Amino acid sequence: MFLSIAVLAALLAPILPIADPLAIDTTQILGMPSAQHPLGTDELGRDILARIIYGGRISLGVAFAAVLLAGILGTITGMTIAFLGRRTEAIAMRFIDVFVSLPEIFIALVALAILGGNLPTLVITIGVIYCPQFARVIYNVTRSIRERDHVMAARSLGAGRFWLIRHEALPNLHSIIAVQTSVTFSFAMLLEAGLSFLGLGVQPPTPSWGQMVGLLKNYIYINPWPVIFPGLTLLFVVLAVNLLGDHLQDRLNPEID
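Because the structure is a prediction, the values reported are computed rather than measured. (Residues numbered from 1 in each chain as written. Predicted model: local features only at pLDDT ≥ 70, side-chain atom pairs only at ≥ 80, totals over all residues. Heavy atoms only, no water.)

Peer 1: Tell me about helix H3 (residues 86-101), and name the residues and values.
Peer 2: Because an α-helix completes one turn every 3.6 residues, residues spaced three or four positions apart along the sequence face the same direction. With 16 residues, H3 extends 22 Å between its outermost C-alpha atoms, agreeing within 8% with the 22 Å of an ideal straight helix rising 1.5 Å per residue. Those residues of H3 that fall on the buried side of the exposure criterion are Glu 89, Ala 92, Met 93, Ile 96 and Val 100. The arc that holds the buried residues of H3, viewed along the axis, is 100°, so those residues lie on one side. Away from its buried face by more than 90 degrees, H3 exposes Arg 87, Phe 95 and Ser 101. Residues of H3 that are buried sit in contact with helix H2 (48-82) and helix H5 (119-146). (Helix = DSSP H or I, 4+ residues; strand = E, 2+ residues; numbered from the N terminus. Expected span 1.5 Å × (residues − 1). Buried < 20%, exposed > 50% of the residue type's maximum accessible area, 1.4 Å probe, protein only. Arc of directions from axis to C-beta. Contact = heavy atoms within 4.5 Å.)

Following this line, the structure appears as structure tokens:
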């Protein structure tokens, strides 16, 4: 429910009856929640509710685009590796394991420090970071699929690698991809929030939830609400995504505990 509200609010933000998220009002600096500003205002007098709603377009949009990129690249990579020769397969998976073991935030910090914190770079960086995780999951499932009798029979009859991937592996991966997407989405949101908190995500005045918390943290003892509200929004959305992932896991893969 909360996830649906957040997504709809982000999509419909331009037509919602809310304040301009970039409008500065010096008479309302760090204002408390009121009838005019239901969630208060920030250090420049901008409406927190409007900035949370518009910030959702960045926080949710970046996570969605990054997970889409990771899913496409990781699925193709994982399926392809599973149908390589044993030695090549083993070498490729060792590289995947190395990348998975690296700290995500460290890789992102280095990449964004070098390439800059613009929106396309942020999406590509997060997508590439989570690609190996997708690839490893897809590889493990595809490896079990390739050992099935009908797949081995098709190979013995001359079916090629790409035919097997398209007709045997991919149709059996939909549920795994759906579950892994939901899991990765929450991690991508948290990584984007962490990077924005540190000032390496989307740059002001464009808002995102992590950036709002980062910019307003110094005022938390003066007025904590401008920090609490975007933080709680991020918390509840991530929690909702995780619950959705658990539900998909129970519905699509009930045999896996």
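Peer 1: Report on the environment of Ser 4, specifying residues and quantitative values.
Peer 2: Here Ser 4 shows up in helix H1 (residues 2-11). A sequence separation of 149 residues divides Ser 4 from Ala 153, and the C-alpha atoms of the two residues are 45 Å apart.

Peer 1: Go over the packing of helix H4 (residues 104-115) against H5, please, and point to the residues and values.
Peer 2: Between H4 and H5, the shortest axis-to-axis distance is 10 Å and the interhelical angle comes to 150°. By the angle between their directions, the pair H4 and H5 is classed as roughly antiparallel. The handedness of the crossing between H4 and H5 comes out as right-handed. On H5, the residues touching Glu 104, Ile 107, Ala 108, Ala 111, Leu 112 and Leu 115 of H4 are Thr 121, Leu 122, Thr 125, Ile 129, Tyr 130 and Gln 133. (Axes fitted to C-alpha atoms, helices over the stretch in contact; angles between N-to-C directions. Parallel < 35°, antiparallel > 145°, perpendicular 65-115°, else oblique. Left-handed = near helix turned anticlockwise from the far one by under 90°.)

Peer 1: Give a detailed account of empty space enclosed by the protein, specifying residues and quantitative values.
Peer 2: By the definition in use, this model includes 1 cavity of 30 Å³ or more. Around the largest cavity, the lining residues are Asp 42, Glu 43, Arg 46, Ile 48, Arg 51, Met 212, Leu 215 and Leu 216. Contributing elements (two or more residues each) for the lining of the largest cavity: H2 and helix H9 (209-216). Ranked by residues supplied to the lining of the largest cavity, first place goes to H9 with 3 residues. Residue classes in the lining of the largest cavity are distributed as 4 nonpolar, no polar and 4 charged. (1 Å grid on protein atoms, 1.4 Å probe; cavity = no way out; pocket = protein on both sides within 12 Å on 5 of 7 lines; lining within 4 Å. Points joined across faces, edges and corners; volume = space filled by probe spheres on them. Nonpolar A, V, L, I, M, F, W, Y, C, P; charged D, E, K, R; others polar.)

Peer 1: Describe the pattern of salt bridges, with residues and values.
Peer 2: As enumerated under the stated definition, the model contains 5 salt bridges in all. We note a salt bridge from Glu 43 to Arg 46, for which the minimum N-O separation is 3.7 Å. For the pair Glu 43 and Arg 46, one class covers both residues: buried. Residues joined by salt bridges that share partners form a network here, namely Asp 42, Glu 43, Arg 46 and Arg 51. (Salt bridge = Lys/Arg side-chain N within 4 Å of Asp/Glu carboxyl O.)

Peer 1: Break down the packing of aromatic side chains for me, citing the residues and quoting the values.
Peer 2: With the rule as written, the count across this model stands at 2 aromatic pairs. Over the ring of Phe 197 we find Lys 217, and its NZ or CZ is 5.4 Å from the ring centre. (Phe/Tyr/Trp six-rings, centres within 6.5 Å; stacked < 30°, edge-to-face > 60°. Lys NZ or Arg CZ within 6 Å of the ring centre and 35° of its normal.)

Peer 1: Run through a nonpolar patch on the surface, naming residues and quoting values.
Peer 2: Where nonpolar side chains cluster on the molecular surface, the patch consists of Phe 2, Met 32, Trp 225, Ile 228, Leu 232, Leu 235, Phe 236, Leu 239 and Leu 243 and spans about 790 Å² of accessible area. By residue number, the principal contributor to the nonpolar patch is helix H10 (residues 225-252), which donates 7 residues. Inspection of the secondary structure assignment puts Leu 239 in helix H10. (Patch = residues over 30% accessible without salt bridge, like charges linked within 9 Å, V, L, I, M, F, W, Y side chains within 5 Å. Areas by Shrake-Rupley, 256 points an atom, 1.4 Å probe, with all protein chains shown as cover.)

Peer 1: Can you tell me about the confidence of the model for the protein chain, naming the residues and giving the values?
Peer 2: Of all residues in the protein chain, 93% have pLDDT values of 70 or greater, and the mean over the chain is 86. Mean pLDDT per element in the protein chain: helix H6 (residues 149-156) is the minimum at 68, and H2 is the maximum at 93. (pLDDT = per-residue confidence, 0-100.)

Peer 1: Explain the layout of surface pockets to me, and be specific about the residues and the numbers.
Peer 2: Empty space among the atoms becomes visible once a probe the size of a water molecule is rolled across them. Taken as a whole, the largest pocket spans an internal volume of roughly 430 Å³. As for the largest pocket, its lining consists of 20 residues, and the residues nearest its centre are Val 7, Leu 60, Gly 61, Phe 64 and Phe 185. Those elements that place two or more of their residues in the lining of the largest pocket are H1, H2, helix H8 (174-197) and H10. The element contributing the most residues to the lining of the largest pocket is H2, with 10 residues. In this structure, the second largest pocket encloses a volume near 250 Å³. Contributing to the lining of the second largest pocket are 15 residues, with Phe 2, Leu 49, Ile 52, Ile 53 and Thr 233 lying nearest its centre. Among the elements of the structure, H1, H2 and H10 are those that each provide at least two residues to the lining of the second largest pocket. Tallied by class, the residues present in the lining of the second largest pocket amount to 13 nonpolar, 2 polar and no charged.

Peer 1: Residue-level account of the side chain of Glu 43, with values.
Peer 2: Checked against the element boundaries, Glu 43 lands in the loop between H1 and H2. Take Glu 43: its relative accessible area is 16%, and that puts it in the buried class. Leaving out residues up to four positions away in the same chain, Glu 43 has contacts with Ile 29, Leu 30, Leu 216 and Tyr 219.

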